[in-house]
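For reference, the chains in residue letters:
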Amino acid sequence: MQTHNMAIVFAPTVLRPEDDDLQRQLRDGGHAVACVQTLLDRYDEIFLVSLLFAQRERERERERERERERERGERETYIMYVSM
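What counts and how
Residues numbered from 1 in each chain as written. Predicted model: local features only at pLDDT ≥ 70, side-chain atom pairs only at ≥ 80, totals over all residues. Heavy atoms only, no water. Helix = DSSP H or I, 4+ residues; strand = E, 2+ residues; numbered from the N terminus. Buried < 20%, exposed > 50% of the residue type's maximum accessible area, 1.4 Å probe, protein only. Areas by Shrake-Rupley, 256 points an atom, 1.4 Å probe, with all protein chains shown as cover. Expected span 1.5 Å × (residues − 1). Bend = angle between axes of the 7 residues up to and from the residue. Core = buried A, V, L, I, M, F, W, Y, C linked by side-chain atoms within 4.5 Å.

**Quick look at the overall build of the protein chain**
Then, number 1: Along the backbone of the protein chain there are four helices and zero strands.
Then, number 2: Counting helices and strands in the order they occur from the N terminus, the protein chain gives α-α-α-α.
Then, number 3: Across the 84 residues in the protein chain, those meeting the buried criterion constitute 7%.
Then, number 4: Total accessible area computed for the protein chain in this model is approximately 7,600 Å², and 57% of it derives from carbon and sulfur atoms.

In structure tokens:
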């Protein structure tokens, strides 16, 4: 589906006016569609910071998991050594 078509579907929900004035919705609908289409077309530029932050958090979580694995391995080695 093209971004313009998706914008037509999502714009009334994403950019709903405060009042339910039908005339206003019809008048401003084209601007809302253009705005949502821009968000869809340029999501990688607009949300770049969020994507980088999410990637950094995933890397930190992997590092924490590796650290927990090392600690578990050290404890198991110690337990095996002590029980000999």
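**Here we look at helix 2 (residues 22-41)**
Then, number 1: With 20 residues, helix 2 extends 27 Å between its outermost C-alpha atoms, agreeing within 8% with the 28 Å of an ideal straight helix rising 1.5 Å per residue.
Then, number 2: A bend of about 50° at Asp28 is the largest found in helix 2.
Then, number 3: For helix 2, the set of buried residues is Ala32, Val33, Val36 and Gln37.

**A short note on the nonpolar core**
Then, number 1: Ala7, Ala11, Ala32, Val33 and Val36 form the largest nonpolar core, which has five residues in total.
Then, number 2: Tallying contributions element by element places helix 2 first for this core, with three residues.

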